[in-house]
Amino acid sequence: MPGSEAIYLDYDQAALDAQYNNRARFPNYLDHFNAWRTWSEATRSRTAHVLDVAFGPSPEEKVDVFPAKRPGAPLYVFIHGGYWYSLDKSDYSYVADGLRPHDVTTVVNNFGLAPAHDMDEIVRQNRAALAWLWRHAGDYHADPDRIYVAGHSAGGHLAAMLLATDWPAFGAGLPRDLVKGACAIGGIFDLEPIRLSFLNKTLRLTPGQVARHSPLRQTYPVRAALLLVVAADESAEFHRQSQDMAALWRRIGHPVDLVVPDKLDHFDVANQLRDPTCSLVDLQLNHMRLSFGGGGKPS
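Given the structure is predicted, the values throughout are model-derived calculations rather than measurements.

(A) Structural detail: the sheet that holds strand β2 (residues 62-66). In space, the 8 strands of this open sheet follow the order β1-β2-β4-β3-β5-β6-β7-β8, with mixed pairing throughout. The strands lining the two open edges of the sheet, one partner per strand, are β1 (50-54) and β8 (256-259). Going from strand to strand, the sheet's axes swing by 20 degrees on average, the running direction of each strand aside. Where strand β5 (residues 142-152) lies against strand β6 (residues 181-185), 5 bridges are found, and the strand directions are parallel. Counterpart to glycine 151 in the pairing with β6 is alanine 184.

(B) Here's a closer look at the state of the cysteines. Under the definition given, this model contains 0 disulfides. Unpaired in terms of disulfides, cysteine 183 finds its nearest cysteine sulfur in cysteine 278, a separation of 11 Å. We classify cysteine 278 as buried; its relative accessible area is 9%.

(C) Structural view of the environment of alanine 172. If you trace the backbone, alanine 172 turns up in the loop between α7 (167-170) and β6. Look at alanine 172 and you get exposed, because its relative accessible area is 72%. In this structure, the C-alpha to C-alpha distance between alanine 172 and glycine 72, residues 100 residues apart in sequence, is 23 Å.

Scoring rules and cut-offs
Residues numbered from 1 in each chain as written. Predicted model: local features only at pLDDT ≥ 70, side-chain atom pairs only at ≥ 80, totals over all residues. Heavy atoms only, no water. Pairing = 2+ DSSP bridges. Helix = DSSP H or I, 4+ residues; strand = E, 2+ residues; numbered from the N terminus. Axes fitted to C-alpha atoms, helices over the stretch in contact; angles between N-to-C directions. Disulfide = S-S within 2.5 Å. Buried < 20%, exposed > 50% of the residue type's maximum accessible area, 1.4 Å probe, protein only.

Below, the structure is given as structure tokens:
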């Protein structure tokens, strides 16, 4: 509105909030949440799985595993969205329908949510999940040297942070290249506008946490492939976030693809993950193969 003060780039408070308020921008979001739960219940009813495997001491630190049928499979770890304060791993079991037919062990992890848990702890828990999975991959027909992570929305942020992790410093014996590649779908890589938006009433981000946990402010010494997916009908800020992350990846000389699926939005882009024949699953399979040092698909 006239006279309003810009607080981030050219956005005043109302405009910045609108850029990140996906529930207002896409008011049918509950239909997607309900569909994800229904699909996930169906996945668990027909697919071999191990639920609520603890990777840490707190109640939130658990993973659901959908093992591949044969040993030595790639390990695909999916991190759920929900702006770090909502949703659950049980809402995303359906992603196993897209990957498991390609002989990929699929894992969906949980982590503590804001405001009870701050960003330092949320990132730590996601790192702890990956460290545990590297050590136990063989228990679930997976190869610890072929770990690939993906995430939707806030999960895309956390997937990128796993690429920025100094794994040997995080845990004794962990390899520097524990995570070979990542896919971020509608991801967030700059936390400063989040800190300045309405979301911070729940997240309580500090300037220090923004610096520590914004993927755009990290270093990435280990070469890894990054797949960035931002749906056509996203806000300008979501497009900027992925564009800036792609530019960073190019500057450091790591392989990156930025894909903009047409006629999809922040929520329904994630619906594609249940279809083993869809373009989003195919893109990830090819990026996984690239991450593991080959071409084509991982199986």
